[in-house]
Amino acid sequence: MISRRNLLGLAGAGLAATAIAGCTGGSTGGAAASSGGGQKGSGTIQWWSNHPGSSKEVEQKIIDAWNAENPNLPVQLVDGGANYEELGQKFNAALAGGDLPDVIVASDVTWFNFALNEATAPLDDLWKEAGVDASSYVDTLREDYAYDGKHYGVPFARSTTLMYWNQDILAKAGLAADKGPQSWAEFAEWAPKLVEANGGKPALMVPDGSNYLDWYFQGMIWTFGGSYSKEWTPNFTDPKSIEAGTFLAEQFKAGHIGIAKDANNTFGIGGSAGLLQSTGSLGGLTKAAQFPFITTYLPGPKPGACTGGAGLAIPNGISDERKLNATKFIDFVTNTKNTITFTQATGYMPVRKDAVDDPEEKAYLEKTPNAMTAIKQLAENTAPQDYARVFIPGGGARIGGGLDKITIGGQDVEQVFEQLQSETATVYKRDIEPLL
Amino acid sequence: MKVIGYLGLALVVAMILVPVYFIVVTSLKTQPDIYSDPLTWIPNPLQPGNYSYVMETVNFGTYLRNSIIITVILTVVQVALGVMSAYAFAFLRFPFRNALFLVVVAALMVPNQITIISNYALVASLGWRNTFVGIIVPLAGVAFGAFLMRNHFLSLPKEIMEAARMDGTSFLRTLWRVVLPMSWPTVVAFTLITLVNEWNQYLWPFLIADTDVVTPLPVGLTRLQQNEGLTNWGPVMAGTVLTTVPILIVYLILQKRMIKGLTAGAVKG
């Protein structure tokens, strides 16, 4: 029975492994954010991206060009997740655990929280040091990342909401095949005709709450005179906001508006006359749709659409040298030539002012008026998003869930909006107010 | 009565098989066919191209290799740890045995998600990010096996253990020659559960894997889905089928052993 002692040892080892998996001590955590000089890098710039608009190939192409110019400072593309939220999750883990990347993709919803908690670096001084001319970015897109007089992101895969219309169905319904409705009231008039022309299928498809319905609805709520919030004050219970919510719920009930997880596909196979979607879907739809379609502004009165999409940010916990290199790389990714390459492949908007004057881009836009719509709408029909959606933690998901309730769930609009009002106020008091 | 039984059976089979059938069928459909209304039960036209699309767009071979490495190592380690610690807990007498066992069971009660951040911190500080070690080690210790196997061992007839001791069988030999042969069904069931579980791991490998070098299938295949773009579900389903097949084969092989094992260790009267 000599083995008894050995077995005790083995059992001990088993327990130790359980302990590692079960509850590692927190002593190693939290060091990243506070470490004095910041983390040194490995000589490679790590770019965490979720490849918005299925852009992995284009991103790699841009990186290859950078690597050819800077063989001493290569860039590595890291798969950061399937969507912006997963990437945020992964970055949060890195914040707690150290080993930070150099550049991350931060969406309209995630950048502010990173900035507020000093997880990402203010860029203004870095721009100066690296000789980046920030004024060459499209003003509205750059200012989306401003907080307290500083900028925490660079526009990258930027989009607005767009309407897509199946021209065959527009024609069948006896409507002009080259423009969308000018107001949501006009849409309500068109809708029965469009439904009839397409065999009872919805006139307009919109993605559901877990696929950013809250983003698409934002423009709609504005045209009714309502909003999610006025600065930090939630505005859901404003009668005009409730009127917009009621309009959405009624149009859904009447079968005029369809809500689905994967609205793109429904539209793409002719399952609806119209689609409310991001500009980032243009690339995919152009390839997939078997019918002619146009893109139009969202219905007015102006502004009837919001900007969105993602930018690039730099973690605060890395060394100054890494930050500077990251700034230079971001400048490269978004330079005139690369923003043109990137946006033509995906459908996002060029982020540099002079991109639209580039002869090659001019020719492209003339050839593809659908891509032009977004750029023109940006100047004419958009406004920055409400704080309640993009700045208050969990805002997008919370509002999206509420909108699901009043449409698919059939719940009372006033009640749901009141709940959103109080929840938003609570989260603001808890998470934001102490940090301002 | 019999009829109701058969109806229930048919219902359960349908509930399980219809979704599986749709995954397989969708993997062979073209994009418009997937969304056609009314839905089609047979792909028309047949689109086997979805499978080659998967092979071409993502590094399927690499993901498969990674998945196999991670799953096999994890399963071996977890089963070995589980069986051995359970054997000790069941048959060894040592101080604080029950208290220690309680600690192990308590580890079972802590949800994985809670420990992720601290695990990540540890793994990152060890420089294990984007390595197999970093993915495997924190997943390797699981209390479930110790708990399941110990309870099974305690249910074995004492007389056989005593007979073995009378014959002078050593402690470890008893494990191999007496206890395990009577426990194959439980061990195989435990192995199967572990295999499936580890094969489908998502969150942890996703956090630790940065590049294709260590990315397992479930994480790698999300690349077929697209954000703010247009997801073509045909290839996604093709990827799903390809991911399911290896584990299905293993299951069929092990299942046979499970039934054999039920009769193997019986006491002969």
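Residues numbered from 1 in each chain as written. Chains lettered and ligands numbered in written order. Predicted model: local features only at pLDDT ≥ 70, side-chain atom pairs only at ≥ 80, totals over all residues.

Peer 1: So what about the overall build of chain B? Which residues, and what values?
Peer 2: When its secondary structure is counted, chain B shows 14 helices and 0 strands. Helices and strands appear in chain B in the N-to-C order α-α-α-α-α-α-α-α-α-α-α-α-α-α. Relative to its length of 269 residues, chain B is extended, with a C-alpha radius of gyration of 23 Å against a globular reference of 18 Å. With the principal axes as the frame, chain B shows a C-alpha extent of 70 × 60 × 30 Å. Split into buried and exposed, the 269 residues of chain B put 37% on the buried side. Considering only contacts in chain B between residues 6 or more positions apart, those separated by 24 or more positions represent 77%. (Helix = DSSP H or I, 4+ residues; strand = E, 2+ residues; numbered from the N terminus. Rg over C-alpha atoms; globule rule 2.2 N^0.38 Å. Buried ≥ 20, exposed ≤ 12 C-beta atoms within 10 Å, placed from the backbone. Contact = placed C-beta atoms within 7 Å.)

Peer 1: I'd like a rundown of the environment of Asp-358 of chain A, residues and numbers included.
Peer 2: All names here are of chain A. Within the element layout of this structure, Asp-358 appears in the loop between helix 15 (336-346) and helix 16 (359-367). Sequence-wise, Asp-358 and Gly-400 are 42 residues apart; in three dimensions their C-alpha atoms are separated by 39 Å. The contact partners of Asp-358, leaving out residues within four places of it in the chain, are Thr-336 and Ile-340.

Peer 1: Summarise the confidence of the model for chain A; cite the residues concerned and give the values.
Peer 2: The pLDDT averaged across chain A works out to 87; a share of 92% of its residues lies at or above 70. Overall, residues 1-36 of chain A carries pLDDT values under 50, and its contacts beyond four positions in sequence, including any with other chains, amount to 63 contacts. (pLDDT = per-residue confidence, 0-100.)

Peer 1: Outline the environment of Ala-388 of chain A, listing residues and values.
Peer 2: Residue and element names in this part refer to chain A. Its place among the elements puts Ala-388 in helix 18 (residues 387-390). Judged by C-beta crowding, with 30 C-beta atoms within 10 Å, Ala-388 ranks as buried. Separated by 40 residues in sequence, Ala-388 and Tyr-428 have C-alpha atoms that sit 8.7 Å apart. Setting aside anything within four residues of it in sequence, one finds Ala-388 in contact with Tyr-228, Ser-229, Pro-234, Gly-395 and Thr-424.

Peer 1: Please set out the domain arrangement of chain B residue by residue, giving values where relevant.
Peer 2: Residues and elements named next belong to chain B. For chain B, the assigned domains read domain 1 (1-47) and domain 2 (57-264). Taking the mean C-alpha position of each, domain 1 and domain 2 sit 31 Å from one another. Those elements that provide at least two residues to the side of domain 1 that touches domain 2 are helix 1 (2-26) and helix 2 (31-34). Element by element, the count of residues in the side of domain 1 that touches domain 2 is highest for helix 1, at 3 residues. For the side of domain 1 that touches domain 2, a count of residues per class yields 3 nonpolar, 5 polar and 1 charged. (Domains from an automatic or database assignment. Nonpolar A, V, L, I, M, F, W, Y, C, P; charged D, E, K, R; others polar.)

Peer 1: Requested: an account of the domain arrangement of chain A, with residues and values cited.
Peer 2: When the parts of a complex come together, some accessible area is lost, and that lost area is often used as the size of the interface. Residues and elements named next belong to chain A. The domain architecture assigned to chain A consists of domain 1 (38-158 + 308-379) and domain 2 (159-307 + 383-435). Averaged C-alpha coordinates put domain 1 and domain 2 at centres separated by 27 Å. Facing the 26 residues of domain 1 at the interface are 25 residues of domain 2. Secondary-structure elements contributing two or more residues to the side of domain 1 that touches domain 2 are helix 5 (111-116), helix 7 (139-143), strand 6 (154-166), strand 13 (305-313), helix 15 and helix 17 (369-380). It is helix 17 that contributes the most residues to the side of domain 1 that touches domain 2, 6 residues altogether. When the residues that make up the side of domain 1 that touches domain 2 are grouped by side-chain class, the tally is 12 nonpolar, 11 polar and 3 charged.

Peer 1: Break down the nonpolar core for me, citing the residues and quoting the values.
Peer 2: Counting 135 residues, the largest nonpolar core has Val-103, Val-206 and Leu-248 of chain A as the members making the most contacts within it. Discounting chain neighbours no more than four positions away, the residues touching Val-103 of chain A are Ile-45, Trp-47, Leu-312, Ile-314, Ala-326, Phe-329 and Ile-330 of chain A. Counting residues in hydrophobic clusters, the runner-up holds 21 residues, among them Ala-143, Met-149, Phe-153 and Val-179 of chain B. (Core = buried A, V, L, I, M, F, W, Y, C linked by C-beta atoms within 7 Å.)

Peer 1: I'd like to hear about the packing of helix 4 (residues 84-97) of chain A against helix 6 (residues 112-125) of chain B, residue by residue, with values.
Peer 2: Viewed as axis vectors pointing N to C, helix 4 of chain A and helix 6 of chain B meet at an angle of 60°, and their least axial separation amounts to 8 Å. For the element pair helix 4 of chain A / helix 6 of chain B, the angle class is oblique. Crossing of helix 4 of chain A over helix 6 of chain B shows right-handed handedness. Side by side, helix 4 of chain A and helix 6 of chain B meet where Ala-93, Ala-96 and Gly-97 of chain A of the first sit next to Ile-116, Ile-117, Tyr-120, Ala-121 and Ala-124 of chain B of the second. Looking at the contact of helix 4 of chain A with helix 6 of chain B residue by residue, the class counts come to 7 nonpolar, 1 polar and no charged. (Axes fitted to C-alpha atoms, helices over the stretch in contact; angles between N-to-C directions. Parallel < 35°, antiparallel > 145°, perpendicular 65-115°, else oblique. Left-handed = near helix turned anticlockwise from the far one by under 90°.)

Peer 1: Can you explain helix 20 (residues 413-432) of chain A? Please cite residues and give values.
Peer 2: The end-to-end C-alpha distance of helix 20 of chain A, which contains 20 residues, comes to 27 Å, matching closely the 28 Å that a straight helix rising 1.5 Å per residue would cover. Taken residue by residue, helix 20 of chain A has Val-413, Val-416, Phe-417, Leu-420, Gln-421, Glu-423, Thr-424 and Tyr-428 of chain A as its buried positions. (Expected span 1.5 Å × (residues − 1).)

Peer 1: How would you summarise the confidence of the model for chain B if you had to cite specific residues and measurements?
Peer 2: Residues and elements named next belong to chain B. Chain-level pLDDT for chain B is 86 on average; 94% of the residues reach the 70-or-more range. Mean pLDDT in chain B bottoms out at helix 2, which sits at 77, and peaks at helix 4 (residues 60-91), which reaches 93. Taken together, the chains of this predicted complex give a pTM of 0.78 and an interface ipTM of 0.71.

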